[in-house]
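# Results of the structural survey
One-letter residues, chain by chain:
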Amino acid sequence: MKKSKYIWYNGKFVLWDKATTHVLSHGLHYGSGIFEGIRAYSNKKDTYIFRLEDHYLRFFNSAKVALIKIPYSQKTLENATISLIKKNKLKDCYIRPLAFIGDGSIGINPANNKINVIIAAFKWGTYLGDEGVQKGIRAKISSFARMGVNSFMTKSKISGNYINSVFAKREALNAGYDEALMLDSDGYVSEGTGENIFIVRNNKIKTTPITTVLEGLTRDCVINIAKQNNIHVVEQKFTRDELYIADEVFLTGTAAEITPVREIDDRKIGNGLPGKITKLIQKSYKELVKGISEPKSKYLKKI
Ligand SMILES: Cc1ncc(COP(=O)(O)O)c(C=O)c1O
(Lines give C-alpha, C1' and ligand atoms only; values in the text may rest on other atoms or scores of the structure.)
Protein backbone atom coordinates (compact mmCIF):
# COMPACT_ATOMS: atom_id res chain seq x y z
CA MET A 1 0.00 0.00 0.00
CA LYS A 2 1.25 3.48 -0.84
CA LYS A 3 0.06 6.53 1.10
CA SER A 4 -1.97 9.13 -0.80
CA LYS A 5 -2.24 12.81 0.07
CA TYR A 6 -5.90 13.04 1.15
CA ILE A 7 -8.60 10.99 2.85
CA TRP A 8 -12.25 12.03 2.70
CA TYR A 9 -13.42 12.24 6.31
CA ASN A 10 -16.97 13.23 7.26
CA GLY A 11 -17.39 15.46 4.23
CA LYS A 12 -13.91 17.04 4.14
CA PHE A 13 -10.64 16.18 2.45
CA VAL A 14 -8.06 15.85 5.23
CA LEU A 15 -4.36 15.06 5.01
CA TRP A 16 -3.63 11.30 5.26
CA ASP A 17 -1.81 11.58 8.63
CA LYS A 18 -4.53 13.79 10.13
CA ALA A 19 -7.31 11.28 9.43
CA THR A 20 -7.43 10.00 13.02
CA THR A 21 -10.14 9.05 15.51
CA HIS A 22 -10.67 8.93 19.28
CA VAL A 23 -9.29 5.83 21.06
CA LEU A 24 -12.69 5.26 22.67
CA SER A 25 -14.46 4.92 19.31
CA HIS A 26 -17.10 2.20 19.58
CA GLY A 27 -16.00 0.74 16.24
CA LEU A 28 -12.47 0.27 17.51
CA HIS A 29 -13.60 -1.64 20.61
CA TYR A 30 -16.42 -3.74 19.17
CA GLY A 31 -15.92 -3.87 15.39
CA SER A 32 -19.07 -1.81 14.83
CA GLY A 33 -18.29 -0.54 11.38
CA ILE A 34 -18.99 -1.53 7.81
CA PHE A 35 -16.72 -1.17 4.81
CA GLU A 36 -16.22 -1.76 1.09
CA GLY A 37 -13.33 -2.55 -1.21
CA ILE A 38 -13.48 -1.03 -4.69
CA ARG A 39 -10.92 -0.69 -7.47
CA ALA A 40 -10.26 1.82 -10.23
CA TYR A 41 -8.41 0.71 -13.35
CA SER A 42 -6.93 2.59 -16.26
CA ASN A 43 -6.04 1.83 -19.83
CA LYS A 44 -3.77 3.97 -21.99
CA LYS A 45 -6.52 6.59 -22.33
CA ASP A 46 -9.07 6.45 -19.52
CA THR A 47 -9.55 5.61 -15.84
CA TYR A 48 -12.68 3.81 -14.63
CA ILE A 49 -14.06 2.88 -11.23
CA PHE A 50 -15.37 -0.66 -11.46
CA ARG A 51 -18.96 -1.21 -10.26
CA LEU A 52 -18.99 1.97 -8.16
CA GLU A 53 -22.77 2.00 -7.70
CA ASP A 54 -22.97 -1.72 -6.86
CA HIS A 55 -20.27 -1.39 -4.23
CA TYR A 56 -22.05 1.54 -2.57
CA LEU A 57 -25.34 -0.32 -2.76
CA ARG A 58 -23.69 -3.16 -0.82
CA PHE A 59 -22.20 -0.55 1.57
CA PHE A 60 -25.68 0.75 2.36
CA ASN A 61 -27.05 -2.80 2.66
CA SER A 62 -24.23 -3.66 5.07
CA ALA A 63 -25.16 -0.57 7.09
CA LYS A 64 -28.81 -1.60 7.13
CA VAL A 65 -27.94 -5.06 8.47
CA ALA A 66 -25.63 -3.52 11.08
CA LEU A 67 -28.17 -0.84 12.11
CA ILE A 68 -25.72 1.91 11.21
CA LYS A 69 -27.41 5.01 9.82
CA ILE A 70 -25.10 6.61 7.28
CA PRO A 71 -25.47 10.39 7.41
CA TYR A 72 -24.79 10.82 3.65
CA SER A 73 -26.62 9.75 0.52
CA GLN A 74 -25.23 7.07 -1.77
CA LYS A 75 -24.74 9.67 -4.52
CA THR A 76 -22.74 11.93 -2.16
CA LEU A 77 -20.34 9.08 -1.37
CA GLU A 78 -20.01 8.09 -5.03
CA ASN A 79 -19.19 11.69 -5.99
CA ALA A 80 -16.79 12.03 -3.04
CA THR A 81 -14.98 8.91 -4.28
CA ILE A 82 -14.54 10.37 -7.75
CA SER A 83 -13.30 13.70 -6.34
CA LEU A 84 -10.90 11.92 -3.98
CA ILE A 85 -9.28 9.95 -6.79
CA LYS A 86 -8.86 13.13 -8.82
CA LYS A 87 -7.52 15.12 -5.84
CA ASN A 88 -5.00 12.37 -5.11
CA LYS A 89 -4.05 12.23 -8.82
CA LEU A 90 -4.59 8.47 -8.83
CA LYS A 91 -5.36 6.11 -11.70
CA ASP A 92 -5.17 2.42 -10.82
CA CYS A 93 -6.03 2.30 -7.14
CA TYR A 94 -7.90 0.57 -4.33
CA ILE A 95 -10.74 2.44 -2.63
CA ARG A 96 -11.76 1.75 0.97
CA PRO A 97 -14.97 3.39 2.25
CA LEU A 98 -15.69 2.78 5.93
CA ALA A 99 -18.50 3.88 8.26
CA PHE A 100 -17.89 3.35 11.95
CA ILE A 101 -19.53 4.20 15.24
CA GLY A 102 -17.57 6.89 17.05
CA ASP A 103 -16.94 7.70 20.71
CA GLY A 104 -19.49 8.67 23.36
CA SER A 105 -21.05 5.70 25.06
CA ILE A 106 -18.49 2.93 25.73
CA GLY A 107 -21.14 0.30 26.53
CA ILE A 108 -22.07 -2.36 23.99
CA ASN A 109 -25.12 -0.30 23.08
CA PRO A 110 -23.73 2.57 21.00
CA ALA A 111 -26.59 4.89 22.02
CA ASN A 112 -26.33 8.07 19.96
CA ASN A 113 -22.61 7.95 19.19
CA LYS A 114 -21.73 9.73 15.98
CA ILE A 115 -21.43 7.71 12.76
CA ASN A 116 -18.19 8.61 11.00
CA VAL A 117 -17.57 7.98 7.33
CA ILE A 118 -14.21 7.90 5.63
CA ILE A 119 -13.10 7.10 2.10
CA ALA A 120 -9.46 6.29 1.39
CA ALA A 121 -7.98 5.68 -2.07
CA PHE A 122 -4.44 4.48 -2.57
CA LYS A 123 -2.18 2.36 -4.73
CA TRP A 124 -2.35 -1.27 -3.66
CA GLY A 125 -1.25 -4.32 -5.59
CA THR A 126 -3.31 -7.45 -5.87
CA TYR A 127 -4.14 -9.05 -2.45
CA LEU A 128 -2.37 -12.37 -3.03
CA GLY A 129 0.57 -10.92 -4.95
CA ASP A 130 1.45 -10.57 -8.65
CA GLU A 131 3.30 -13.87 -8.62
CA GLY A 132 0.21 -15.54 -7.13
CA VAL A 133 -1.95 -14.15 -9.93
CA GLN A 134 0.50 -15.45 -12.55
CA LYS A 135 1.59 -18.78 -11.11
CA GLY A 136 -1.08 -19.61 -8.53
CA ILE A 137 -0.96 -19.70 -4.74
CA ARG A 138 -0.66 -22.41 -2.09
CA ALA A 139 -3.69 -22.61 0.20
CA LYS A 140 -4.58 -24.44 3.38
CA ILE A 141 -7.95 -25.48 4.77
CA SER A 142 -8.25 -23.45 7.93
CA SER A 143 -8.76 -24.94 11.36
CA PHE A 144 -11.12 -22.00 11.90
CA ALA A 145 -14.68 -22.61 10.65
CA ARG A 146 -16.34 -19.79 8.72
CA MET A 147 -18.64 -17.90 11.05
CA GLY A 148 -22.20 -19.24 11.27
CA VAL A 149 -24.98 -17.28 9.57
CA ASN A 150 -26.85 -16.63 12.77
CA SER A 151 -23.82 -15.35 14.64
CA PHE A 152 -22.37 -13.04 12.00
CA MET A 153 -24.18 -11.59 9.03
CA THR A 154 -22.52 -12.81 5.84
CA LYS A 155 -24.35 -10.42 3.50
CA SER A 156 -22.70 -7.54 5.26
CA LYS A 157 -19.09 -6.39 5.27
CA ILE A 158 -19.15 -5.64 9.01
CA SER A 159 -15.67 -4.84 10.34
CA GLY A 160 -16.03 -7.20 13.33
CA ASN A 161 -16.83 -10.15 11.02
CA TYR A 162 -13.29 -10.00 9.71
CA ILE A 163 -11.63 -11.25 12.88
CA ASN A 164 -12.60 -14.72 11.59
CA SER A 165 -10.60 -14.01 8.42
CA VAL A 166 -7.71 -12.51 10.40
CA PHE A 167 -7.40 -15.72 12.48
CA ALA A 168 -7.50 -17.93 9.40
CA LYS A 169 -5.09 -15.78 7.38
CA ARG A 170 -2.46 -15.62 10.11
CA GLU A 171 -2.66 -19.34 10.74
CA ALA A 172 -2.15 -20.07 7.03
CA LEU A 173 0.79 -17.64 6.70
CA ASN A 174 2.45 -18.99 9.87
CA ALA A 175 2.20 -22.49 8.43
CA GLY A 176 3.93 -21.33 5.23
CA TYR A 177 0.88 -21.07 2.92
CA ASP A 178 -0.39 -18.02 1.04
CA GLU A 179 -4.06 -18.16 1.91
CA ALA A 180 -6.65 -19.91 4.07
CA LEU A 181 -9.78 -21.57 2.74
CA MET A 182 -12.55 -21.88 5.25
CA LEU A 183 -15.23 -24.53 5.67
CA ASP A 184 -18.68 -23.57 6.91
CA SER A 185 -20.12 -24.89 10.16
CA ASP A 186 -21.53 -27.93 8.28
CA GLY A 187 -18.09 -28.74 6.85
CA TYR A 188 -18.65 -27.55 3.27
CA VAL A 189 -16.24 -25.22 1.48
CA SER A 190 -17.26 -21.60 2.01
CA GLU A 191 -14.71 -18.95 0.96
CA GLY A 192 -11.26 -17.48 1.43
CA THR A 193 -10.41 -14.70 3.89
CA GLY A 194 -11.60 -12.08 1.40
CA GLU A 195 -12.49 -14.03 -1.74
CA ASN A 196 -15.14 -16.31 -3.19
CA ILE A 197 -14.02 -19.67 -4.49
CA PHE A 198 -14.51 -21.53 -7.79
CA ILE A 199 -13.54 -25.00 -8.94
CA VAL A 200 -13.38 -26.42 -12.45
CA ARG A 201 -13.92 -30.13 -13.15
CA ASN A 202 -14.38 -31.63 -16.59
CA ASN A 203 -14.69 -28.13 -18.08
CA LYS A 204 -17.60 -27.25 -15.77
CA ILE A 205 -17.47 -24.58 -13.08
CA LYS A 206 -18.82 -24.91 -9.57
CA THR A 207 -19.00 -22.23 -6.89
CA THR A 208 -20.46 -21.99 -3.40
CA PRO A 209 -24.08 -20.75 -3.33
CA ILE A 210 -24.36 -17.19 -1.97
CA THR A 211 -26.59 -18.27 0.93
CA THR A 212 -23.71 -18.38 3.40
CA VAL A 213 -20.98 -16.29 1.76
CA LEU A 214 -20.50 -12.67 0.75
CA GLU A 215 -22.34 -11.74 -2.46
CA GLY A 216 -19.09 -11.07 -4.29
CA LEU A 217 -19.30 -8.68 -7.21
CA THR A 218 -16.29 -10.32 -8.85
CA ARG A 219 -18.01 -13.69 -8.40
CA ASP A 220 -21.01 -12.35 -10.24
CA CYS A 221 -18.81 -11.05 -13.12
CA VAL A 222 -17.01 -14.40 -13.35
CA ILE A 223 -20.30 -16.29 -13.63
CA ASN A 224 -21.34 -13.95 -16.47
CA ILE A 225 -18.00 -14.30 -18.25
CA ALA A 226 -18.23 -18.10 -18.01
CA LYS A 227 -21.77 -18.11 -19.39
CA GLN A 228 -20.76 -15.80 -22.27
CA ASN A 229 -18.10 -18.38 -23.11
CA ASN A 230 -20.61 -21.26 -22.97
CA ILE A 231 -19.01 -22.72 -19.85
CA HIS A 232 -21.52 -24.47 -17.62
CA VAL A 233 -21.71 -22.96 -14.09
CA VAL A 234 -23.46 -24.42 -11.05
CA GLU A 235 -23.85 -22.84 -7.64
CA GLN A 236 -23.68 -25.82 -5.34
CA LYS A 237 -22.11 -26.84 -2.05
CA PHE A 238 -18.97 -28.96 -2.28
CA THR A 239 -16.53 -30.63 0.07
CA ARG A 240 -12.81 -30.19 0.66
CA ASP A 241 -11.93 -33.42 -1.16
CA GLU A 242 -13.65 -32.09 -4.28
CA LEU A 243 -11.18 -29.21 -4.09
CA TYR A 244 -8.27 -31.66 -3.99
CA ILE A 245 -9.41 -33.49 -7.13
CA ALA A 246 -10.51 -30.41 -9.10
CA ASP A 247 -8.76 -29.69 -12.40
CA GLU A 248 -8.57 -25.98 -11.52
CA VAL A 249 -9.34 -23.82 -8.48
CA PHE A 250 -9.39 -20.04 -8.38
CA LEU A 251 -10.36 -17.27 -5.96
CA THR A 252 -12.20 -14.08 -6.86
CA GLY A 253 -12.44 -10.70 -5.16
CA THR A 254 -11.95 -7.01 -5.76
CA ALA A 255 -8.67 -7.10 -3.85
CA ALA A 256 -7.48 -10.54 -5.04
CA GLU A 257 -8.93 -10.17 -8.56
CA ILE A 258 -8.74 -13.66 -10.15
CA THR A 259 -6.07 -15.67 -8.34
CA PRO A 260 -5.38 -19.29 -9.32
CA VAL A 261 -4.75 -21.86 -6.56
CA ARG A 262 -2.03 -24.33 -7.49
CA GLU A 263 -1.87 -26.37 -4.31
CA ILE A 264 -4.23 -27.08 -1.40
CA ASP A 265 -3.09 -28.90 1.76
CA ASP A 266 0.03 -30.09 -0.10
CA ARG A 267 -1.99 -31.64 -2.95
CA LYS A 268 -1.23 -30.29 -6.40
CA ILE A 269 -4.31 -28.95 -8.20
CA GLY A 270 -4.45 -30.26 -11.77
CA ASN A 271 -0.93 -30.05 -13.16
CA GLY A 272 0.03 -27.38 -10.62
CA LEU A 273 -0.26 -24.51 -13.10
CA PRO A 274 -3.12 -22.05 -13.72
CA GLY A 275 -5.63 -23.91 -15.90
CA LYS A 276 -7.06 -22.87 -19.25
CA ILE A 277 -10.48 -21.82 -17.91
CA THR A 278 -8.87 -19.83 -15.09
CA LYS A 279 -6.64 -18.07 -17.63
CA LEU A 280 -9.57 -17.31 -19.92
CA ILE A 281 -11.55 -15.81 -16.99
CA GLN A 282 -8.51 -13.81 -15.83
CA LYS A 283 -8.03 -12.33 -19.30
CA SER A 284 -11.70 -11.48 -19.84
CA TYR A 285 -11.98 -9.94 -16.36
CA LYS A 286 -8.89 -7.78 -16.90
CA GLU A 287 -10.19 -6.60 -20.27
CA LEU A 288 -13.57 -5.78 -18.72
CA VAL A 289 -12.30 -3.79 -15.72
CA LYS A 290 -9.81 -1.85 -17.81
CA GLY A 291 -12.50 -0.84 -20.31
CA ILE A 292 -10.77 -2.70 -23.15
CA SER A 293 -13.47 -5.21 -24.14
CA GLU A 294 -16.55 -3.10 -23.35
CA PRO A 295 -15.68 0.58 -22.81
CA LYS A 296 -19.41 1.35 -22.61
CA SER A 297 -20.13 -1.34 -19.98
CA LYS A 298 -22.67 -0.33 -17.31
CA TYR A 299 -20.10 -1.44 -14.74
CA LEU A 300 -17.58 1.26 -15.65
CA LYS A 301 -17.67 4.77 -14.23
CA LYS A 302 -15.29 6.91 -16.24
CA ILE A 303 -13.54 9.58 -14.19
C1 LIG B 1 -15.32 -12.57 2.80
C2 LIG B 1 -15.30 -12.09 1.40
N3 LIG B 1 -15.72 -12.92 0.42
C4 LIG B 1 -15.71 -12.55 -0.87
C5 LIG B 1 -15.26 -11.30 -1.25
C6 LIG B 1 -15.26 -10.89 -2.71
O7 LIG B 1 -16.20 -9.86 -2.93
P8 LIG B 1 -15.99 -8.84 -4.13
O9 LIG B 1 -15.77 -9.67 -5.34
O10 LIG B 1 -17.27 -8.09 -4.19
O11 LIG B 1 -14.84 -8.00 -3.80
C12 LIG B 1 -14.81 -10.40 -0.27
C13 LIG B 1 -14.35 -9.05 -0.63
O14 LIG B 1 -15.02 -8.08 -0.40
C15 LIG B 1 -14.84 -10.80 1.08
O16 LIG B 1 -14.41 -9.98 2.05
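These numbers were taken from a predicted model, which means no experiment stands behind them.

Lining the immediate surroundings of the ligand are 16 residues, of which Lys157, Tyr162, Leu217, Thr218 and Thr254 lie closest. Considering the ligand on its own, with 380 Å² of exposed area, one finds that the protein chains cover 96% of that surface. For the ligand, the cavity whose grid points lie within 2 Å of the majority of its atoms is the largest pocket. Along the lines of polarity and charge, the residues of the shell around the ligand split into 3 nonpolar, 8 polar and 5 charged.

For the structure on display, the rule yields 13 aromatic pairs. Each ring, one from Phe59 and one from Phe60, has its centre 6.0 Å from the other, and the planes form 75°; the classification is edge-to-face. Judged by its relative accessible area of 0%, Phe59 is buried. Ring centres of Trp124 and Tyr127 lie 6.4 Å apart, and the angle between their planes is 55°; on these two criteria the pair is classed as tilted. Judged by relative accessible area, Trp124 falls into the partly exposed class, the value being 30%. Members of the aromatic cluster, joined through ring pairs, are Trp16, Tyr94, Phe122, Trp124 and Tyr127. The ring of Tyr299 carries the charged tip of Arg51 above its face, separated from the ring centre by 4.0 Å. Over the face of the ring belonging to Tyr244 we find Arg267, whose NZ or CZ atom lies 4.2 Å from the ring centre.

This part is about empty space enclosed by the protein. The tally for this structure, following the rule as stated, stands at 1 cavity of 30 Å³ or more. One number sums up the size of the largest cavity: a volume of about 30 Å³. Asp247, Glu248, Val249, Pro260, Val261, Ile269, Leu273, Pro274, Gly275 and Thr278 together form the lining of the largest cavity. Along the lines of polarity and charge, the residues of the lining of the largest cavity split into 6 nonpolar, 2 polar and 2 charged.

Okay, the pattern of salt bridges next. Applying the stated criterion across every chain, the model contains 20 salt bridges. Residue Arg51 is joined to Asp54 by a salt bridge in which the shortest nitrogen-to-oxygen separation is 2.8 Å. What makes Arg51 buried here is its relative accessible area of 6%. In this structure, the salt-bridge partner of Asp186 is Lys237, at a minimum N-O distance of 4.0 Å. Taken together, the residues Asp186 in the loop between β9 (179-183) and β10 (189-192) and Lys237 in the loop between β13 (233-235) and α7 (240-244) connect sequence positions 51 residues apart.

Criteria and cut-off values
Residues numbered from 1 in each chain as written. Predicted model: local features only at pLDDT ≥ 70, side-chain atom pairs only at ≥ 80, totals over all residues. Heavy atoms only, no water. Near = heavy atom within 4 Å. Areas by Shrake-Rupley, 256 points an atom, 1.4 Å probe, with all protein chains shown as cover. 1 Å grid on protein atoms, 1.4 Å probe; cavity = no way out; pocket = protein on both sides within 12 Å on 5 of 7 lines; lining within 4 Å. Sits in = over half its atoms within 2 Å of the grid points. Nonpolar A, V, L, I, M, F, W, Y, C, P; charged D, E, K, R; others polar. Phe/Tyr/Trp six-rings, centres within 6.5 Å; stacked < 30°, edge-to-face > 60°. Buried < 20%, exposed > 50% of the residue type's maximum accessible area, 1.4 Å probe, protein only. Lys NZ or Arg CZ within 6 Å of the ring centre and 35° of its normal. Points joined across faces, edges and corners; volume = space filled by probe spheres on them. Salt bridge = Lys/Arg side-chain N within 4 Å of Asp/Glu carboxyl O. Helix = DSSP H or I, 4+ residues; strand = E, 2+ residues; numbered from the N terminus.

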